[in-house]
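# A look at the structure
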Amino acid sequence: MTRRLATIGAGAALVIALGVLAWAAVAPLPATGGALTFVIPPGTAARLKAGEPFNVLPTPIYLTVGVLDVLVITNDDEVIHQVGPIILGSRQTYRIPFRKPGRFQYACSLHATGTLSLVIAPPPAVGIERLRWRLGQLTARS
């Protein structure tokens, strides 16, 4: 009797797990894209000028159309900074939406190389691609 209950329990767990995976593969994406926010802290220009290794923005920055497709940059430094075509004055915030996938290279005063790279991925298609994307999101959080 105990063995039968264990088999039924394992079967039920398997059915639930497969149902969750199926849902993750076909469930719709959020209706609106999210934003990835970075803040340029006070004293950044002075640190960079002094040659300190200081990383405000990673490169590349990865975004996904329709999911995480807005880059928000706030300049809390006292100095103006350039991020691509944007000139950010002190205490300014700028939102840059991306609606098409692609790879972009921008001039950037925050990197020693003077370049910021952005990789904008297309929205994940229904099926295994969306399931992989959702699993990637889960593992990226931990």
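Each remark here, short or long, concerns the structure printed above.
Each value, and the rule that gives it
- Residues numbered from 1 in each chain as written.
- Predicted model: local features only at pLDDT ≥ 70, side-chain atom pairs only at ≥ 80, totals over all residues.
- Heavy atoms only, no water.
- Helix = DSSP H or I, 4+ residues; strand = E, 2+ residues; numbered from the N terminus.
- Rg over C-alpha atoms; globule rule 2.2 N^0.38 Å.
- Contact = heavy atoms within 4.5 Å.
- Areas by Shrake-Rupley, 256 points an atom, 1.4 Å probe, with all protein chains shown as cover.
- Patch = residues over 30% accessible without salt bridge, like charges linked within 9 Å, V, L, I, M, F, W, Y side chains within 5 Å.
- Salt bridge = Lys/Arg side-chain N within 4 Å of Asp/Glu carboxyl O.
- Buried < 20%, exposed > 50% of the residue type's maximum accessible area, 1.4 Å probe, protein only.
- 1 Å grid on protein atoms, 1.4 Å probe; cavity = no way out; pocket = protein on both sides within 12 Å on 5 of 7 lines; lining within 4 Å.
- Points joined across faces, edges and corners; volume = space filled by probe spheres on them.
- Nonpolar A, V, L, I, M, F, W, Y, C, P; charged D, E, K, R; others polar.
- Pairing = 2+ DSSP bridges.
- Core = buried A, V, L, I, M, F, W, Y, C linked by side-chain atoms within 4.5 Å.

### Some details on the overall build of the protein chain
Across its full length, the protein chain carries three helices and eight strands. Shown N-terminal to C-terminal, the secondary structure of the protein chain runs as helices and strands in the order α-β-α-β-β-β-β-β-β-β-α. Its C-alpha radius of gyration of 22 Å places the protein chain more than 25% over the 14 Å reference for a compact globule of 142 residues. Along the first, second and third principal axes, the C-alpha set of the protein chain runs to 75 × 30 × 25 Å. Counted over contacts in the protein chain with a minimum sequence separation of 6, partners at least 24 positions apart contribute 62%. Surface exposure of the protein chain reaches about 9,000 Å², of which carbon and sulfur atoms provide 64%.

### Examining a nonpolar patch on the surface
There is a patch of nonpolar side chains on the surface, built from Leu14, Leu18 and Leu21 and spanning about 280 Å² of accessible area. Its place among the elements puts Leu21 in helix H1 (residues 2–26). Residue Leu21 is classed as partly exposed on the basis of its relative accessible area, which comes to 39%.

### Brief notes about the layout of surface pockets
As a volume, the largest pocket reaches approximately 420 Å³. Val67, Trp133, Arg134, Gln137 and Leu138 are the residues nearest the centre of the largest pocket, which is lined by 23 residues in total. Tallying contributions element by element places helix H3 (residues 128–141) first for the lining of the largest pocket, with eight residues. Residue composition of the lining of the largest pocket, grouped by class: 18 nonpolar, two polar and three charged.

### Here we look at the environment of Tyr62
Within the secondary structure, Tyr62 sits in strand S2 (residues 61–64). Of the residues examined, Tyr62 reaches a relative accessible area of 56% and is grouped as exposed. Placed 57 residues apart in sequence, Tyr62 and Val119 show a C-alpha to C-alpha distance of 4.9 Å. Excluding anything up to four places from it in sequence, Tyr62 contacts Leu36, Leu68 and Val119.

### Focus: the pairing of strand S8 (residues 115–121)
Within S8, five of the seven residues are buried, which leaves the element mostly enclosed by the surrounding structure. Bridge count between S2 and S8: four bridges; the pairing is parallel. From the neighbouring strand, Ile61 faces S8, where its bridge partner is Leu118. As paired elements, strand S7 (residues 102–107) and S8 share six bridges and run antiparallel to each other. For Tyr106, the partnering residue across the bridge sits in S8 and is Leu116.

### Structural notes on the nonpolar core
Core analysis: the largest hydrophobic core is formed by 19 residues, its most contacted members being Leu57, Ile61, Leu71 and Leu118. Mapped onto this core, the elements with two or more residues apiece are strand S1 (34–40), S2, strand S3 (68–75), strand S5 (86–88) and S8. Examining the composition of this core, we find that three residues originate from one element, S8, more than from any other. Among residues more than four places away in sequence, those in contact with Leu57 are Phe38, Ile73, Val83, Cys108, Leu110, His111 and Leu116.

Worth remembering: the numbers are spatial, not functional.
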